[in-house]
Amino acid sequence: MILDGKCPTGPIQQTWDKHRFDLKLVNPANKRKYNVIVVGTGLAGGAAAASLGELGYNVQAFCYQDSPRRAHSIAAQGGINAAKNYPNDGDSIYRLFYDTIKGGDFRAREADVWRLAQVSNNIIDQCVAQGVPFARDYAGYLDNRSFGGAQVSRTFYARGQTGQQLLLGAYSALSRQIKLGTVKMYNRREMLDLVVVDGVARGITVRNLITGEMESYAADAVCLATGGYVNVFYLSTNAMGCSVTAAWKAHKKGAYFANPCYTQIHPTCIPQAGDYQSKLTLMSESLRNDGRCWVPKKKEDCGKHPNEVPEEDRDYYLERKYPSFGNLAPRDIASRAAKEQCDDGRGVGPGGRGVYLDFSTSIKRVGADTIKERYGNLFEMYEKITDEDGYKRPMRMYPAPHYSMGGLWVDYNLMSNIPGLFVLGEANFSVHGANRLGASALMQGLADGYFVIPYTIGGYLATVKPGEVKADHDEFKNSAADVKAEQEKLLSINGNKTVFEFMRELGGLMWENCGMARTKQSLEINLKKIPALREDFWKNVKVTGTGAEFNQQLENAGRTADFFEFAELMCRDAYHRNESCGGHFREEYQDQGEAERDDANFCYVGAWEFKGVGKEPELHKEPLKFDNVHLAVRSYK
């Protein structure tokens, strides 16, 4: 099937404005008749729930955490992009649009990316009005810094805590609507199924994580804002609770999963310390504004204290390879470059899995106090974890799984192929192509939640009769029974291996064979080993406790079962895409170490339809057209 993204036509500068005008409206009095479910309360979900509540819809918001404040958006550090051009250094909406298309290696829709760039400026105004404490310069104006893949400074920030401050802004707006009664908040609920009635999304089945009870909720539309899936690698920068479950359950009910092989490896993370570590720690890309990446030129110098390696014996490899962008090369390129140095035997630290991020030059130039003002909390975090002082000794970094560019397929209105199911933020595939530029995740989440979904969901609801399906419908009963049966099956196995043993093994396979680099052979290994490991999981996993209580073993077992099924799809997508682009690096397809795209055969979105566990999924394609940014070899040299 050839998919239609429903992108508006005409001059791209007018597409979003014209599309908004053409959308059908729901008048204010009628909005009160409609119920909308929002799953996830991070930046995309929190902003959407607050905005829809403000408009007058009845919103039911769900999160598995004990508070919306604990959504993983809180962990974002470095900043949020916007095309305001405050530094007067040449930025514009078109340049942000261009940088995003190019940064994604020409694998994103032009119309969606233009809209993102256009509304970016409104996001900053919105957040300032909410009281988000963005950094300001000496004169009191909002400050900016640079991020990878751009030659302008367009990133607004709050030290190394930007995600936290933006989330608190969204949470304050959400709390106001909760107080007013337009939003009803359900904490400690995990979505375990999407309820589809006659082909239309009508609600969800959730598990109350405190009591274990199954609960059913009906609505006129469902919005998923449940984040990404990179915990399929087990160790990642994501919180341990982040999972593919909500998106995967929707996929199994018919929602297409687009570009699952596009995952981002972040180049600046604290290296893994041991086999039983629970997660990895991100160090913001913003550090590379002032930190310089290097490794010793000579292998024999790798064991020395870094301050003992003379300047002439240091290889500032990003500055050498990509002089136009230097240390702020895009994440996929910087990650592969770091791996290249380590594979060459010039990595530092335990196991040779590390490169240096050195601030000595910047400290000499602007002083330690200025560096502390810009990044102080990040240096504190680094020292707590490594017991090393980053001001006096270069930090050690190594790439780690960080972000999902793939996700559920959506059209221009953010609606999946299932009518009534909308997908926001990292959970959809729409704007980042094959590689996300730094500081664009927060931009997308807030754009979708504050400025896109309030319009597009209205266009859908105007065609729907409110309250047509209630939670007592047979499909809700069937859904709850299916979820309960799967949980009882997990509890009944009583095997001899823990959930985390299986997840570590799956994560190892994914990192080794479908991580920073993939090959036809490595993917074939995974496509044989993952089904066998999944079968072993369903025979030998041990889940203690019962379903009628707080039981994190059961929660994790369910998420792991979904990761097994998803991992196979991710490898299959990587296997079919015989090219390298962005974060998808097939070693067979490279030109002098750089990714080699095949635009003649793979310039499309690959969206997969679920056909059953262990069965071949069906591939649907949405061709990508580039009328405003011409396809070109992506170069940062």
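Residues numbered from 1 in each chain as written. Predicted model: local features only at pLDDT ≥ 70, side-chain atom pairs only at ≥ 80, totals over all residues. Heavy atoms only, no water.

Peer 1: Please explain the environment of Glu-501 as it appears in this structure.
Peer 2: By the element assignment, Glu-501 lies in helix α14 (residues 499–514). A relative accessible area of 34% places Glu-501 in the partly exposed class. Separated by 276 residues in the primary sequence, Glu-501 and Ala-225 have C-alpha atoms spaced 29 Å apart. (Helix = DSSP H or I, 4+ residues; strand = E, 2+ residues; numbered from the N terminus. Buried < 20%, exposed > 50% of the residue type's maximum accessible area, 1.4 Å probe, protein only.)

Peer 1: I'm lost on the nonpolar core in this one. Help?
Peer 2: Note on soluble globular proteins: their nonpolar side chains tend to be buried together. Ile-80, Leu-194, Ile-204, Leu-421 and Met-510 are the most contacted members of the largest nonpolar core, which has 150 residues in total. Both of domain 1 (266–400) and domain 2 (474–623) provide at least three residues apiece to this core. Excluding residues that lie within four positions of it along the chain, Leu-194 makes contacts with Ala-201, Gly-203, Ile-204, Val-222, Ala-250, Lys-253, Ile-418 and Leu-421. Listed in part, the 30 residues of the second largest apolar core include Ile-270, Tyr-317, Ala-334 and Leu-357. (Core = buried A, V, L, I, M, F, W, Y, C linked by side-chain atoms within 4.5 Å. Domains from an automatic or database assignment. Contact = heavy atoms within 4.5 Å.)

Peer 1: Explain helix α11 (residues 368–386) to me, please; I cannot follow it from the model alone.
Peer 2: In an α-helix there are 3.6 residues to a turn, and that puts residues three or four apart on one side. Taking 1.5 Å per residue, 19 residues should reach 27 Å; α11 reaches only 20 Å between its end C-alpha atoms and comes up short. When the local axis directions of α11 are compared, the greatest deviation, roughly 85°, occurs at Tyr-375. At its buried positions, α11 is contacted by β11 (263–270), α10 (360–366) and β16 (395–404). (Expected span 1.5 Å × (residues − 1). Bend = angle between axes of the 7 residues up to and from the residue.)

Peer 1: Can you walk me through the domain arrangement of the protein chain in this structure?
Peer 2: Note: interface size is frequently given as the accessible area lost on complex formation between the parts. Domain annotation of the protein chain identifies domain 1 (266–400) and domain 2 (474–623). Of note, the centres of domain 1 and domain 2, computed from C-alpha atoms alone, are 32 Å apart. Listed per partner, the contact involves 10 residues of domain 1 and 8 residues of domain 2. Buried surface at the junction of domain 1 and domain 2, summed over both partners, amounts to about 770 Å²; 61% is from carbon and sulfur atoms. At the junction of domain 1 with domain 2, the criterion picks out 0 salt bridges. In this structure, the connection of domain 1 to domain 2 is made through 2 residue pairs in polar contact (both at pLDDT 80 or more). (Buried area = accessible area lost by both parts, 1.4 Å probe. Salt bridge = Lys/Arg side-chain N within 4 Å of Asp/Glu carboxyl O. Polar contact = N/O pair within 3.5 Å; in protein donor to acceptor, adjacent residues only side chain to side chain.)

Peer 1: How do you make sense of the packing of helix α13 (residues 474–493) against helix α16 (residues 552–576) when you look at a structure like this?
Peer 2: Two numbers describe how α13 lies on α16: the axes approach to 10 Å, and their chain directions differ by 110°. Here α13 is positioned roughly perpendicular relative to α16, judged by the angle of their axes. Residues Gln-487, Leu-490 and Leu-491 of α13 form the contact with α16, whose own contacting residues are Leu-554, Ala-557 and Gly-558. Its residues assigned to classes, the contact of α13 with α16 comprises 4 nonpolar, 2 polar and no charged. (Axes fitted to C-alpha atoms, helices over the stretch in contact; angles between N-to-C directions. Parallel < 35°, antiparallel > 145°, perpendicular 65-115°, else oblique. Nonpolar A, V, L, I, M, F, W, Y, C, P; charged D, E, K, R; others polar.)

Peer 1: Explain the sheet that holds strand β7 (residues 200–208) to me, please; I cannot follow it from the model alone.
Peer 2: Whether parallel or antiparallel, the strands of a sheet pair through hydrogen bonds between backbone atoms. Pairing in this open sheet of 3 strands is antiparallel, and the strands run β6-β7-β8 from one edge to the other. Every other strand in the sheet has two partners, leaving β6 (189–197) and β8 (214–218) as the edge strands with one partner each. With strand direction ignored, the average angle separating the axes of adjacent strands in the sheet is 25°. The pairing of β7 with β8 spans 5 bridges and is classified as antiparallel. By the bridge assignment, Val-206 is partnered in β8 with Glu-215. Relative to the sheet, α13 contacts β6, β7 and β8, its axis offset from that of β6 by approximately 135°. (Pairing = 2+ DSSP bridges.)

Peer 1: I'm lost on the side chain of His-620 in this one. Help?
Peer 2: With respect to the secondary-structure elements, His-620 resides in strand β22 (residues 618–623). Look at His-620 and you get buried, because its relative accessible area is 1%. Within the local environment of His-620, its side chain forms a polar contact with the backbone nitrogen of Met-1, the two atoms lying 3.4 Å apart. Among the polar contacts made by the side chain of His-620, one reaches the side chain of Glu-609 at a distance of 2.8 Å. Beyond its immediate chain neighbours, meaning those up to four positions away, His-620 contacts Met-1, Leu-3, Tyr-256, Val-605, Gly-606, Ala-607 and Glu-609.

Peer 1: What should I look at first to understand the packing of helix α6 (residues 162–180) against helix α12 (residues 441–461) in this one?
Peer 2: A pair of packed helices is characterised by two quantities: the angle between their axes and the separation of those axes. Where α6 meets α12, the axes come as close as 11 Å, and the angle between the chain directions of the two elements is 10°. Classed by the angle they form, the pair α6 and α12 counts as roughly parallel. Residue-level inspection shows Thr-162, Gly-163, Leu-166, Gly-169 and Ala-170 of α6 in contact with α12, the latter providing Leu-442, Leu-446 and Tyr-450. Per-class residue counts for the contact of α6 with α12 are 5 nonpolar, 3 polar and no charged.

Peer 1: Explain the packing of aromatic side chains to me, please; I cannot follow it from the model alone.
Peer 2: Given two aromatic rings, one states the distance between the centres and the angle between the planes to describe the pair. Applying the stated rule across the entire model yields 30 aromatic pairs. Ring plane angle 10° and centroid distance 4.8 Å describe the contact between Phe-62 and Tyr-186, whose orientation is recorded as stacked. With Phe-62 in strand β2 (residues 58–62) and Tyr-186 in strand β5 (residues 183–186), this pair connects stretches of sequence that are 124 residues apart. The pair Phe-62 / Tyr-186 is uniform in exposure class, with both members buried. Judged by centre distance (5.4 Å) and plane angle (70°), the ring pair of Phe-97 and Trp-114 falls under edge-to-face. Of the two residues, Phe-97 sits in helix α4 (residues 93–103) while Trp-114 sits in helix α5 (residues 110–130), which places them 17 residues apart along the sequence. Residue classification places Trp-114 among the buried positions, given a relative accessible area of 6%. In this arrangement the basic side chain of Arg-145 is found over the ring face of Tyr-157, its NZ or CZ atom lying 3.7 Å from the centre. Above the ring of Trp-538, the side-chain terminus of Lys-489 is found at 4.7 Å from the ring centroid. (Phe/Tyr/Trp six-rings, centres within 6.5 Å; stacked < 30°, edge-to-face > 60°. Lys NZ or Arg CZ within 6 Å of the ring centre and 35° of its normal.)

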